[in-house]
Amino acid sequence: NAAAAQPPVVSNTLTRRVVVVDKPGAPQSAVRIGEVGLERRNPDFVPTTVMNDILGGLFSSRINLNLREVHGYTYGAFSAYQFRRGTGPFTIGSMVRTDVTAPAVKEVFSELDKMRTTEVRPEELAMAKESSVRGLTAQFETTAKTSNTISNLFTYGLPLDYYRTLPQKFEAVTSADVRRMAEKYLSPEKMVIVVAGDSAKVEPELKKLDLGTVEAQDTEGKPIVEKAAGGK
């Protein structure tokens, strides 16, 4: 029998930097902040899912409430892991007004730091766990959904009793587990920030955040070189 192909091992060797994709005159900026995540079979899948729900996975998450409710920068913001057979990405994203692009990015990194350095509140933890547990039933609503859910066992090499034991695993997650996952898997110093927006307006403010090198590109990925004063 042929051996199953193994996905490549991916380590996070990124260095934090900012890439601005110039969209002259854009009234909004599309912000994406990302780093290397983890694979579906990782033993930390359950507590990491709870951690992310609190950070940006739910509508009531910290990032969304901060950018939408507290500051009015956006209609919505999120964070998400893409769990795959191999290592998938972790992404934070939002559409924000051009004039608040840099402040919005600053608030995201503030929330990342808080997740890594403080305990989550009991009500946050309870809501995240409840959302995950109650959401499991929807994965078996129809024959098609059930088939798709069961196929995950074979796609990701999960045990046959995986879904039977999953609710208990979510219920067992503690606030200490959440902080431990944040410390282990959230690496703000290795995240790449990509902003598609009006470079002339957002690039100077992003540089003030001191998040790393800031480079501007056009929509074809070509670097935009600043002209010297008086040059052509």
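Residues numbered from 1 in each chain as written. Predicted model: local features only at pLDDT ≥ 70, side-chain atom pairs only at ≥ 80, totals over all residues. Heavy atoms only, no water.

Trainee: How would you summarise the overall build of the chain if you had to cite specific residues and measurements?
Mentor: Along its length, the chain carries eight helices and six strands. Written out in order from the N terminus, the α and β elements of the chain read β-β-α-α-β-β-α-α-α-α-α-β-α-β. With respect to the principal axes defined by its C-alpha atoms, the chain has extents near 70 × 50 × 35 Å. The long-range share in the chain, meaning contacts at least 24 apart out of those at least 6 apart in sequence, stands at 77%. Of the roughly 12800 Å² of accessible surface on the chain, 55% is carried by carbon and sulfur atoms. Across the chain, the mean location of the 30 positive side-chain charges is 3 Å away from that of the 28 negative side-chain charges. (Helix = DSSP H or I, 4+ residues; strand = E, 2+ residues; numbered from the N terminus. Contact = heavy atoms within 4.5 Å. Areas by Shrake-Rupley, 256 points an atom, 1.4 Å probe, with all protein chains shown as cover. Lys, Arg positive; Asp, Glu negative; His and termini not counted. Charge placed at Lys NZ, Arg CZ, Asp CG, Glu CD.)

Trainee: Mind laying out the environment of Gly 197, listing which residues take part and the relevant values?
Mentor: Structurally, Gly 197 is set in strand β5 (residues 192-197). For Gly 197, a relative accessible area of 0% puts it in the buried group. For Gly 197 and Lys 169, which are 28 residues apart along the polypeptide, the C-alpha to C-alpha distance reads 42 Å. (Buried < 20%, exposed > 50% of the residue type's maximum accessible area, 1.4 Å probe, protein only.)

Trainee: For the sheet that holds strand β1 (residues 17-22), give the residues involved together with the corresponding values.
Mentor: Sheet strands pair via backbone hydrogen bonds, and the direction of the pair is either parallel or antiparallel. The sheet built from six strands is open, its strands ordered β3-β4-β2-β5-β1-β6 with mixed pairing. With one partner strand each, in any of the chains shown, β3 (77-81) and β6 (213-217) form the two edges of the open sheet. Averaged over neighbouring strand pairs, the angle between their axes works out to 15° when direction is ignored. When strand β2 (residues 28-36) meets strand β4 (residues 89-97), the two strands line up antiparallel, connected through nine bridges. Each bridged residue has a counterpart across the sheet, and for Arg 32 the counterpart in β4 is Gly 93. Running at roughly 165° to β3, helix α1 (residues 45-57) makes contact with β3 and β4 of the sheet. Where helix α2 (residues 62-70) meets the sheet, it contacts β3 and β4, and its direction lies at approximately 160° from that of β3. (Pairing = 2+ DSSP bridges. Axes fitted to C-alpha atoms, helices over the stretch in contact; angles between N-to-C directions.)

Trainee: Tell me about the pattern of salt bridges, residues and numbers included.
Mentor: All told, the structure shown has 15 salt bridges when counted by the stated rule. For Arg 164, the salt bridge identified is with Asp 161, shortest N-O distance 3.5 Å. Of the residues examined, Asp 161 reaches a relative accessible area of 33% and is grouped as partly exposed. One network of salt bridges, with partners in common, ties together Arg 62, Arg 121, Glu 123 and Glu 124. (Salt bridge = Lys/Arg side-chain N within 4 Å of Asp/Glu carboxyl O.)

Trainee: Would you mind going over the layout of surface pockets in detail, with residue names and values included?
Mentor: Its boundaries defined by the atoms lining it, the largest pocket holds a volume of some 340 Å³. Elements with a contribution of two residues or more to the lining of the largest pocket: α1, α4 (122-138) and α6 (162-171). The greatest single-element share of the lining of the largest pocket, amounting to four residues, is contributed by α4. In terms of residue class, the lining of the largest pocket is built from seven nonpolar, six polar and two charged. (1 Å grid on protein atoms, 1.4 Å probe; cavity = no way out; pocket = protein on both sides within 12 Å on 5 of 7 lines; lining within 4 Å. Points joined across faces, edges and corners; volume = space filled by probe spheres on them. Nonpolar A, V, L, I, M, F, W, Y, C, P; charged D, E, K, R; others polar.)

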